Amino acid sequence: MRIELKVNGESVAAEIEDRMTLGDFLRERLHLTGTHLACEHGVCGACTVLVDEEPVRACITLAAALEGRQVRTIEGFEDDRAMQVIRECFSEAHGLQCGYCTPGMVITVRDLIQRGRCADAAQIRAELAGNLCRCTGYAGIVKATELARDRLK
Amino acid sequence: MKAAPLTYHRAKSIAHAMELTAKYDGTAKLMAGGQSLLPMMNLRMALAEHVIDVSGIAALRECRPVNGKYFIGAGVTHAMIEDGRLEDTTRGYLRHVAGGIAYRSVRNRGTIGGSLAHADPAADWPTALLALDARALIEGPDGEREVPLAQFQRGLMETALNPGEVLKGVLVPRLSSGARWAYQKFTRKVGEFAHSIAAVVIDPKLGLANVVVGAIGGKPLRLSMDDTRWPGELGAAVERGSYEHQLHQTMVRRAIAACASS
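Because the structure is a prediction, the values reported are computed rather than measured.

A. Expanded view of the confidence of the model for chain B. Across chain B, pLDDT averages 96, with 100% of residues at or above 70. Scoring the predicted complex yields pTM 0.97 and, for the interface, ipTM 0.97.

B. Expanded view of the sheet that holds strand 10 (residues 166-172) of chain B. All names here are of chain B. Ordered by their spatial adjacency, five strands build an open sheet running 4-5-10-6-7, and the pairing between neighbours is antiparallel. At either end of the open sheet lies a strand with only one pairing partner, and these are strand 4 (63-66) and strand 7 (143-148). Adjacent strand axes in the sheet meet at a mean angle of 25°, parallel and antiparallel pairs treated alike. Both strand 4 and strand 5 (residues 69-73) contribute to a ladder of four bridges, which runs antiparallel. Note on strand 5: the bridge partner recorded for C63 is I72.

C. The arrangement of the interface of chain B and chain A in detail. The interface of chain B with chain A comprises 26 residues on the first partner and 23 residues on the second. Where the side of chain B that touches chain A is concerned, the elements lending two or more residues are strand 1 (7-10), helix 2 (37-42) and helix 5 (104-107) of chain B. Residues of the side of chain B that touches chain A, tallied by class, amount to 12 nonpolar, eight polar and six charged.

D. Fine view of the sheet that holds strand 12 (residues 196-203) of chain B. Residue and element names in this part refer to chain B. One open sheet holds the four strands; their spatial order is 11-12-13-14, and the pairing between them is antiparallel. Every other strand in the sheet has two partners, leaving strand 11 (180-186) and strand 14 (221-223) as the edge strands with one partner each. The sheet shows a mean angle of 15° between the axes of neighbouring strands, direction not considered. Here strand 13 (residues 208-214) runs beside strand 14; their pairing, made up of three bridges, is antiparallel. Opposite V212, over in strand 14, you have R222 as the bridge partner. Contacts from helix 9 (residues 230-237) reach strand 13 and strand 14, with the element oriented near 155° to strand 14. Where helix 10 (residues 243-260) meets the sheet, its contacts fall on strand 11, strand 12, strand 13 and strand 14, and the angle it forms with strand 12 comes to roughly 30°.

E. Spatial organisation of the packing of helix 9 of chain B against helix 10 of chain B. Residue and element names in this part refer to chain B. The N-to-C vectors of helix 9 and helix 10 enclose an angle of 150°; their axes lie 10 Å apart at closest approach. In terms of their interaxial angle, helix 9 and helix 10 are classed as roughly antiparallel. Where helix 9 crosses over helix 10, the handedness of that crossing is right-handed. In this structure, helix 9 uses W230, P231, L234 and G235 to contact helix 10, whose residues at the interface are H245, H248, Q249 and V252. Tallied by class, residues from the contact of helix 9 with helix 10 come to four nonpolar, four polar and no charged.

F. Molecular detail of the domain arrangement of chain A. Residues and elements named next belong to chain A. You can read the domains of chain A as domain 1 (2-76) and domain 2 (81-151). Each of domain 1 and domain 2 has a C-alpha centre, and these two points are 22 Å apart. Each partner contributes to the interface: domain 1 provides 13 residues, whereas domain 2 provides 10 residues. Ranked by the residues each element gives to the side of domain 1 that touches domain 2, the list is headed by strand 3 (residues 48-51), at three residues.

G. Here's a closer look at the nonpolar core. All names here are of chain B. Counting residues in each nonpolar core, the largest one holds 126 residues, and the members touching the most others are L116, V170, A199, V200 and V252. With six residues, the single largest contributor to this core is strand 12. Excluding anything up to four places from it in sequence, A199 contacts T127, A128, A131, Y183, V212 and A255.

H. Just the domain arrangement of chain B, in detail. Residues and elements named next belong to chain B. In terms of domain boundaries, chain B breaks down into domain 1 (7-53), domain 2 (61-172) and domain 3 (180-260). Computed from C-alpha atoms alone, the centre-to-centre distance between domain 2 and domain 3 is 20 Å. The interface is formed by 20 residues belonging to domain 2 together with 21 residues belonging to domain 3. Mapped by element, the contributors of at least two residues to the side of domain 2 that touches domain 3 are helix 4 (93-99), helix 7 (124-130) and strand 8 (153-155). Element by element, the count of residues in the side of domain 2 that touches domain 3 is highest for helix 7, at five residues.

I. Broad picture of unusual backbone geometry. Residues and elements named next belong to chain B. Phi at A102 takes a positive value of approximately 40°, unusual for a residue other than glycine. Tracing the chain through its elements places A102 in the loop between helix 4 and helix 5. Although it is not a glycine, D133 adopts a positive phi angle of roughly 55°. Summarising the element assignment, D133 is placed in the loop between helix 7 and strand 6 (135-140).

J. A look at the packing of helix 2 (residues 81-92) of chain A against helix 3 (residues 102-115) of chain A. All names here are of chain A. With their axes 10 Å apart at the nearest point, helix 2 and helix 3 run at an angle of 120° to one another. When the axes of helix 2 and helix 3 are compared, the pair comes out oblique. Helix 3 is crossed by helix 2, and the crossing has right-handed handedness. Residues A82, M83, I86, R87 and F90 of helix 2 form the contact with helix 3, whose own contacting residues are T102, V106, V109, R110 and I113. Split into classes, the residues belonging to the contact of helix 2 with helix 3 amount to seven nonpolar, one polar and two charged.

Calculation notes
Each residue is numbered by its place in its chain's sequence as written, counting from 1. Each chain takes a letter, starting from A, and each ligand takes a number, starting from 1, following the order in which they are written. Only residues with pLDDT of 70 or above have their local features reported here, since the model is predicted, and side-chain atom pairs are shown and tallied only from 80 upward, although totals for entire chains, interfaces and linings are computed over all residues. The score called pLDDT rates the predictor's confidence residue by residue, from a low of 0 to a high of 100. The criterion for strand pairing is that DSSP finds at least two bridges linking the strands in question. The secondary structure listing takes helices from DSSP runs of H or I that are at least 4 residues long and strands from runs of E that are at least 2 residues long, numbered from the N terminus. The axes are straight lines fitted to the C-alpha atoms, using for helices just the contacting stretch, and the angles between their N-to-C directions are given from 0 to 180°. Contact between residues is assigned whenever the C-beta positions, reconstructed from backbone atoms, fall within 7 Å. The nonpolar class holds Ala, Val, Leu, Ile, Met, Phe, Trp, Tyr, Cys and Pro. Asp, Glu, Lys and Arg form the charged class, and all remaining residues, Gly among them, are polar. These descriptions rest on fixed angle ranges, namely under 35 degrees for roughly parallel, over 145 for roughly antiparallel, 65 to 115 for roughly perpendicular, and the rest for oblique. Should the near helix be turned counterclockwise from the far one by less than a right angle, the crossing is left-handed, whereas a clockwise turn marks it as right-handed. As used throughout, domain bounds are those supplied by an automatic or database domain assignment. We call a set of buried Ala, Val, Leu, Ile, Met, Phe, Trp, Tyr and Cys residues a nonpolar core when their C-beta atoms link them within 7 Å. Buried means a residue has 20 or more other C-beta atoms within 10 Å of its own C-beta, exposed means 12 or fewer, and partly exposed covers the counts in between; C-beta atoms are placed from the backbone.

Have a look at this one:
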């Protein structure tokens, strides 16, 4: 089937298989490989992207369902101040090691800060429970989120 | 894994969705946010030759007061309820439940109607809405019908929806100022499917005094509010002394205590 949508501000039209997920569409068709696929059943959060500026999981969203919608991937934040600050904080506070979870993690953190859902470490941990990291043990991620929250005040 | 090949249909209206489900009877699944269905399809635990996407139907997101109750469209997302983007006539109960479902990125797409129609006994809405004595509004070839939630879910992922019918939404009561509620959920990790849920809603003015346990058997279980009766009722549903029994018992006790002190 044919779909038309916007990805990182650009109009995209493509012929896709009906069953294709947004994650596969981004990676295999548009070669936007910053969106990482891991569990592919909505548990790990690595594939988190924005649809109409709200975080969603690209592995459990059909590309076909996004006709006319706006998708923003990790490649689409170059002019975004909040994301720039979050990236710096993740680097400073050791919020990543291998980097596999990082695109989904920072997109989720940006949403938490915007919605004011990062009052303290306990809330940050609860809100980030849907993004799995197997390297850091989360301490660095929580610190980076607190740091970014304070700098973006 | 990826879902098996399927044919995607975009329903333009409720009538169009009804027409498509009738046409592909037995081989089609309606999909709203797809947050339960697609993971199952990716894992090949669920198969559907035809997927009928109802997420674009604006009429399914309509909410309005109806005869002292409140109607919530089936396509309303958990995040919309969590954020208070619609009226919460349940004194914070619906917002509390919505905010505790899975993760925000799931709540942004998952819908209240999708959750009810999917009918996973460990999901939040089947238990939470049963404790409110909510009613399902179903549109079908013969018109609209209203089904009490107690009769809507028949068992594990089985509902009263017939081929050609679409769940339009749910009617919830308007709780009075004297109402009290508690919602206790046990998960080992934030956001995972519950191992046990206990919901208690009391509203003397509306005659509501409900205790419901979720994540038990094929569908949520109603218990008596009476302390001398519910342990026996629970014991008849799960093996006494088992881990599940102890867990459910603890959650019910906690919910009743939390409700009493709320």
